[in-house]
Amino acid sequence: MVNTHEIINEEKIHDLLEKGKKASKKEILEIIEKARDCYGLTLEEAAVLLQIEDTQLLEKLFDAARYIKDKIYGNRIVIFAPLYTSNECTNNCLYCGFRSANKELHRRTLSADEVVNEARAIESQGHKRILLVCGEDPKKTHIDHITDSVSAIYENVDIRRINVNAAPMSVEDFKKLKAVGIGTFQIFQETYHRETYKKMHPTGFKSDYDYRLTAIERAFEAGIDDFGIGALLGLYDYKFDVLGTLMHSQYMDDKYSVGPHTISIPRLRPALGSALETVPYPINDEEFKKIIAVYRLTVPYTGIILSTREAPALRDELLNLGVSQISAGSRTNPGGYEEDDREATQFETSDERTLDEMLQVVCEQGHLPSFCTACYRANRTGEAFMELAKDAHIHEFCQPNAILTFKENLVRFASAKTKEKGEKMIEKELQKIEDEKVKAETIKRLERIENGEKDLY
Ligand code: SAM
Ligand code: SF4
């Protein structure tokens, strides 16, 4: 049995943050400089960066984040859409629209056929990656509901990677999840601060902090080595929760030689039926940018996921700063891609732009949208992925794959305006492939896609 205080040591987090306040300007600059080597930072160093308030130092931090993002991920942005299969939930998380005490919510669990219809609606926008999401209700959203949904999508729709964000489960259930071929298993601790966690999760299975914290280890035991973590920003002091997330990450890396594939940065949103009247610890946009930059510098090989919880203008800015994956065209209610029922949503989204519109914005900002799923399908996950990513070799696979998957989107789904912008972007990005053989092969494949072939990687 794992002692969970070994995973998250609250006293140590407080100590590190206190020490972090005492760092001199010179020390801060040295840490930022060291981070540019892309080997990551220690928790002590991350704590120092989290304490930066000075605007000039913040600018240096943001600069380094942009540099590292570019070096490891280039200008690629991976794109996905969430698919909510159920909003039924027996937990009572105070912040969430799905909580059991919200009697106004229109509750619904999709059948496998309905899930397939939603996946088709998502695919018809041009998506290739889905994040499957559901509430926790042992009678409705049990493991069979999740695995049936995943299998039905893979069997019937051209979706190539399904990640799952669901409640913690037993090793046995994780094995079933592994068997249907999920990509990343995502679970947010919400807050690493035990006392706040207790307040926010008064009843239901989710009130067990330790069972949630150890979920990823059970997933590992079941053979799932690709996981995503995060804190719900705004529940408690962000400095504590960011350091908690990094401590969790370091624990996994030390024990299993695999850090998180992704870290998500959900910021608390208003939700219909939420028990919170205000955000307990509001985070302004500058602080939010700092959080992203600190993650980018500390765990450079970990993807950072931004959702439609954020407003359009800010989202555009964050793409430059270290975010490597975004959702687009999202609905947060089950069945939402086919009919919009506001009384069934989990929280309000801020960015209502369609995928097609988002693709234009991403290109205009100089980023290359990617629908690539190749690593997962070529078994480059867990340790194998981390080794490639840490050596920055992942570039060699990602650049041609991003180009090819974007091309497929342009040929099959895009509007004329998106096509025009996208083709220009592809032309530019082709020139970045250094290996002449790889470049020539990519050009050949682009022609084949133009002529109707798909899924070339
Ligand atoms: N029910 C499962 C759970 O709680 O782990 C999985 C799905 S839950 C819908 C996914 C995530 O949504 C939660 O982990 C939480 O971080 C986030 N969330 C809930 N309410 C939110 C809100 N009001 N604003 C932003 N994110 C929220
Ligand atoms: Fe249920 Fe998850 Fe919402 Fe909590 S966050 S109420 S567990 S859906």
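Predicted model, so just to flag it, every value in this text is computed and none were measured. (Residues numbered from 1 in each chain as written. Chains lettered and ligands numbered in written order. Predicted model: local features only at pLDDT ≥ 70, side-chain atom pairs only at ≥ 80, totals over all residues. Heavy atoms only, no water.)

Novice: Explain the pairing of strand β7 (residues 303–306) to me, please; I cannot follow it from the model alone.
Specialist: Regular strands place side chains that alternate from one sheet face to the opposite one. Going residue by residue along β7, you find Gly303 and Ile305 tucked away on one face and Ile304 and Leu306 tucked away on the opposite face as well. Note that strand β6 (residues 262–264) and β7 share 3 bridges and pair parallel. Of the residues in β7, the one forming a bridge with Ile263 is Ile304. Taking the sense of rotation as the criterion, the β-α-β connection linking β6, helix α13 (residues 285–298) and β7 turns out right-handed. Here β7 runs beside strand β8 (residues 325–327); their pairing, made up of 2 bridges, is parallel. (Buried < 20%, exposed > 50% of the residue type's maximum accessible area, 1.4 Å probe, protein only. Helix = DSSP H or I, 4+ residues; strand = E, 2+ residues; numbered from the N terminus. Pairing = 2+ DSSP bridges. Right-handed = clockwise from strand over helix to strand, strands pointing away.)

Novice: Hey, could you run me through the nonpolar core in this one?
Specialist: Ranked by internal contacts, the top residues of the largest apolar core, which has 125 residues, are Leu49, Leu61, Phe185, Leu243 and Ile265. When residues in this core are grouped by element, the largest group, 9 residues, is from helix α5 (residues 55–73). Once residues within four sequence positions are removed from consideration, Phe185 is found in contact with Val164, Ala166, Ala167, Met169, Phe174, Leu177, Ile224, Asp226, Phe227 and Gly228. Counting 16 residues, the second largest nonpolar core, distinct from the first, contains Leu131, Val133, Leu268 and Leu276. (Core = buried A, V, L, I, M, F, W, Y, C linked by side-chain atoms within 4.5 Å. Contact = heavy atoms within 4.5 Å.)

Novice: Please explain the pattern of salt bridges as it appears in this structure.
Specialist: Close approach of charged atoms allows side chains of opposite charge to pair. In the structure shown here, the tally under the stated rule is 28 salt bridges. Between Asp158 and Lys454 there is a salt bridge, and its shortest N-O distance comes to 3.3 Å. Here Asp158, found in the loop between α7 (143–156) and β3 (161–165), pairs with Lys454, found in the segment after α20 (436–450); they are 296 residues apart in sequence, far enough to count as distant. Relative accessible area serves as the criterion here: at 39%, Lys454 is assigned to the partly exposed category. In this structure, the salt-bridge partner of Glu420 is Lys424, at a minimum N-O distance of 3.7 Å. Here Glu420 pairs with Lys424, and both are found in helix α19 (residues 416–430), just 4 residues apart, close to one helical turn. Connected via shared salt-bridge partners are Glu123, Lys128, Asp158, Arg160, Glu408, Arg412 and Lys454. (Salt bridge = Lys/Arg side-chain N within 4 Å of Asp/Glu carboxyl O.)

Novice: Can you walk me through the layout of surface pockets in this structure?
Specialist: Where empty space is left in the structure can be found by rolling a water-sized probe over the atoms. One number sums up the size of the second largest pocket: a volume of about 290 Å³. Surrounding the second largest pocket, 17 residues form its lining, Glu136, Ala167, Pro168, Met169 and Asp173 being those nearest its centre. Looking at the lining of the second largest pocket residue by residue, the class counts come to 10 nonpolar, 4 polar and 3 charged. (1 Å grid on protein atoms, 1.4 Å probe; cavity = no way out; pocket = protein on both sides within 12 Å on 5 of 7 lines; lining within 4 Å. Points joined across faces, edges and corners; volume = space filled by probe spheres on them. Nonpolar A, V, L, I, M, F, W, Y, C, P; charged D, E, K, R; others polar.)

Novice: Even after reading the chapter, I still don't get the side chain of Thr196, so can you show me in this structure?
Specialist: In this structure, Thr196 sits in helix α9 (residues 194–200). Residues within four places of Thr196 in sequence aside, it is in contact with Thr191, Leu235 and Tyr236.

Novice: Just checking my understanding: could you explain the site of ligand 2 for this structure?
Specialist: Looking at ligand 2, the residues that line it are Cys89, Asn91, Cys93, Cys96, Phe98, Arg99, Gly135 and Lys206. When the residues that make up the shell around ligand 2 are grouped by side-chain class, the tally is 4 nonpolar, 2 polar and 2 charged. (Near = heavy atom within 4 Å.)

Novice: What am I meant to see in helix α15 (residues 355–364) here?
Specialist: Think of an α-helix as 3.6 residues a turn; residues three or four steps apart then line up on the same face. With respect to burial, α15 is a largely interior element, 7 of its 10 residues being buried. Turning to α15, its buried residues number three or more, namely Leu355, Met358, Leu359, Gln360, Val361, Val362 and Cys363. One or two residues past the end of α15 sits Gly366, with phi positive at roughly 85°.

Novice: Would you explain the pairing of strand β1 (residues 76–86) in this entry?
Specialist: Taking burial as the measure, the 11 residues of β1 include 11 buried ones, the bulk of the element. Note that β1 and strand β9 (residues 368–370) share 3 bridges and pair parallel. Note that in β9 the partner of Arg76 across the bridge is Leu368. Pairing between β1 and β8: 3 bridges, direction parallel.

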